[in-house]
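Each chain, letter by letter, is given below.
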Amino acid sequence: MAVREPRGRGGRRPTLEQVAERAGVGRGTVSRVINGSPRVSDRTRALVEAAVAELGYVPNTAARALAADRTDAIALVVPEPERRFFAEPYFSEIIQGVGQALAETEVQLLLTFAGGHKERRRLAQYLGAQRVDGVLLVSVHAGDPLPDLVDQLGVPAVISGRRSADERLPSVDSDNFGGGRAAVEHLVERGRRTIALITGPLDVYGARRRHEGCLAALEAAGRAADPELVAAGDFTEEGGRRAMAELLARRPDLDAVFAGSDVMAGGARLVLREAGRRIPQDVALVGYDDSVIARHMEPTLTSVRQPIAEMGREMTRLLLDEIAHRSADRPASATGERRQLVLATELVVRDSS
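Residues numbered from 1 in each chain as written. Predicted model: local features only at pLDDT ≥ 70, side-chain atom pairs only at ≥ 80, totals over all residues. Heavy atoms only, no water.

Within the chain, the regular secondary structure consists of 14 helices and 12 strands. When contacts within the chain are restricted to residue pairs at least 6 apart in sequence, those whose partners lie at least 24 apart make up 71%. Carbon and sulfur atoms provide 49% of the accessible area of the chain, an area that totals close to 17,300 Å². (Helix = DSSP H or I, 4+ residues; strand = E, 2+ residues; numbered from the N terminus. Contact = heavy atoms within 4.5 Å. Areas by Shrake-Rupley, 256 points an atom, 1.4 Å probe, with all protein chains shown as cover.)

For the rest of this paragraph, the subject is unusual backbone geometry. Look at the link from I279 to P280: it is a cis peptide, with omega at 5°. Along the polypeptide, P280 turns up in the loop between α12 (262-274) and β9 (284-289). Backbone geometry places D290, a non-glycine residue, at a positive phi of 55°. Here D290 shows up in the loop between β9 and α13 (292-296). Using a relative accessible area of 5% as the deciding quantity, one classes D290 as buried. (Buried < 20%, exposed > 50% of the residue type's maximum accessible area, 1.4 Å probe, protein only.)

What follows concerns the pairing of strand β1 (residues 73-78). Counted residue by residue, β1 has six buried out of six residues, so it is predominantly covered. Residues A73, A75 and V77 point to one face of β1 and I74, L76 and V78 to the other, with burial holding for every one of them. In this structure, β1 lies alongside strand β2 (residues 108-113), joined through six bridges in parallel fashion. Within β2, the residue paired with L76 across the bridge is L111. (Pairing = 2+ DSSP bridges.)

This part is about the packing of helix α1 (residues 16-23) against helix α2 (residues 27-34). Relative orientation of the contacting elements α1 and α2 amounts to 100°, with a least axis distance of 8 Å. With respect to their mutual orientation, α1 and α2 come out roughly perpendicular. Across from L16, E17, V19 and A20 in α1, the residues of α2 making contact are R27, V30, S31 and I34. Partitioned by chemical class, the residues of the contact of α1 with α2 number five nonpolar, one polar and two charged. (Axes fitted to C-alpha atoms, helices over the stretch in contact; angles between N-to-C directions. Parallel < 35°, antiparallel > 145°, perpendicular 65-115°, else oblique. Nonpolar A, V, L, I, M, F, W, Y, C, P; charged D, E, K, R; others polar.)

Taken as a whole, α2 has its buried residues at T29, V30 and V33. One side of α2 carries all its buried residues, which in axial view fall inside an arc of 100°. Contacts made by the buried residues of α2 are with α1 and α3 (42-55). (Arc of directions from axis to C-beta.)

Opposite charge on two side chains allows them to pair when their charged atoms are near. According to the stated counting rule, one finds 22 salt bridges in the structure shown. The partner of D151 in a salt bridge is R168, with the nearest N and O atoms 3.7 Å apart. Pair noted here: D151 is in helix α8 (residues 146-152) and R168 is in the loop between β4 (157-160) and β5 (171-174), with a separation of 17 residues, a long-range link. Judged by relative accessible area, D151 falls into the buried class, the value being 18%. (Salt bridge = Lys/Arg side-chain N within 4 Å of Asp/Glu carboxyl O.)

Okay, the pairing of β5 next. Of the two faces of β5, the one lined by S171 and D173 and the one lined by V172 and S174 are each fully buried. One ladder, built from two bridges, connects β4 with β5; its direction is parallel. Opposite S160, over in β5, you have V172 as the bridge partner. Note: β5 against strand β11 (residues 340-343), four bridges, orientation parallel.

Now for the sheet that holds β11. An order of β2-β1-β3-β4-β5-β11 is seen for the six strands of this open sheet, with the pairing classed as parallel. Either end of the sheet is taken by a strand with one partner, and the two such strands are β2 and β11. For this sheet, the mean angle separating the axes of adjacent strands, direction not counted, is 20°.

Here we come to the packing of α1 against α3. Taken N-terminus to C-terminus, the directions of α1 and α3 make an angle of 125°; their axes are 9 Å apart at the nearest point. On the basis of the axis angle, α1 is oblique to α3. The handedness of the crossing between α1 and α3 comes out as right-handed. Contacts from Q18, V19, R22 and A23 of α1 reach α3 at L47, V48, A51, V52, E54 and L55. Grouping the constituent residues of the contact of α1 with α3 by class yields seven nonpolar, one polar and two charged. (Left-handed = near helix turned anticlockwise from the far one by under 90°.)

With that settled, consider the side chain of D133. One can find D133 in the loop between α7 (117-128) and β3 (134-138). Of the polar contacts made by the side chain of D133, one reaches the backbone nitrogen of D72; its length is 2.7 Å. (Polar contact = N/O pair within 3.5 Å; in protein donor to acceptor, adjacent residues only side chain to side chain.)

Tallying each qualifying case throughout the model produces six aromatic pairs. Pairing F85 with F113 gives two aromatic rings, centres 5.2 Å apart and planes at 85°, and the pair type is edge-to-face. Of this pair, F85 sits in helix α5 (residues 82-87) while F113 sits in strand β2, and the two are 28 residues apart along the sequence. Residue classification places F85 among the buried positions, given a relative accessible area of 7%. Take F113: its relative accessible area is 12%, and that puts it in the buried class. Among the aromatic side chains, those forming a connected cluster through ring pairs are F85, F86, Y90, F91 and F113. (Phe/Tyr/Trp six-rings, centres within 6.5 Å; stacked < 30°, edge-to-face > 60°.)

All quantities given are derived from atomic positions and should not be read as evidence of function.
Quick look at the structure:
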C-alpha cells in the first residue's frame, strides 16, 4: 500500500502558520505546544494537537535546534583502537544503554574513535566548531588529556569510569573495588589456596580498583600478596593468553585465576586447556563483566556482573541534563558540583569455579 506524504496547500508540506490558522490560535502558541511548554491551556493544546494530526504537520527539528543554538547530536568518543572496540562486548552494551536513553528524544548519536594523534586533532576541530551538544567518553586511561581538552572547549561531557579518585568531570562507574574483592572472596571460600590475578591495564582506574579489591580480599583471608601470582593484561583475549602463560611458567602450582575481564578469562582458559589443566577441577576461573562470553563459555564462566547497559543509560541522562541546564545558563545540580555515580556489581557464580 502506498503511503501518501502529508501536504498542505498547493501540494507543499504543511507549515506552522497553517496549523495556527486551522487551530484558530497564533503561531507562537503552536510553537509552545510543539516544544512542550507548560504555558498553554489544556483546551488550546488539544486544538493545536488536533490541527497537527489533521494536517500531518511534522516539526522541522533542524530549524528548532538552530533557533535554540543546539545541534541535537551527541558524540560517543572512544580513545581506543577500532579493533578493540569491535572485539569487546563491553562497548556494544554501552551503546545499547546509550541508545535506550536516547530513544525517547530527538538527539542523534555519533560514534568517533580518538586513539591516535590525527584522530584527536580532527576531533578537537569538530568539537571546536560546535558540531555536537555534548560528549560521552569511555575507556579513558589515567593521564589522558582528552577529557580535559573536551572540557576546555566548553563542551559538556560525561566520562565512563573515572580516571582517578579526584575525577573532575561528571562520571558513571561501577563498584570495581567491590567486584574484585567479591571475586577473590569467592575463590577463598571455595578452598583455593594459590590464587593468581590477571589485571587489566593499571593506568585505567577501574582496573586498578579491581586489583586493589582483590588484594584487600587476600589480606582479609590472611594471604600474603605474591608478585609472582600477578600478571598484567590489556583486556584482550591475546593479553589474557600471554598473562596466563606467564603465570603458569612462574607458578605451576596455582589453583585459581581471577581475570579482570571475561575476554581475558577466555584467553586464559585456552592456555589452561593447552596445558592440560581442567576447569574447575584443577584451576578455578573467574572473569569480570558477565558478558555474553561468560554465558557461552564451556564450562560457563563465573563472572562479576557490572551493569554496563545501565552505565550507558545513566551517562546519557547525566549528559542530557548537563546540556539542558547549560542551555538555561545554570549548573546541572543545585550546588553546581560535578556528579559522580557509582553502580553496584554482583558476582554471578557458574560452573568454572
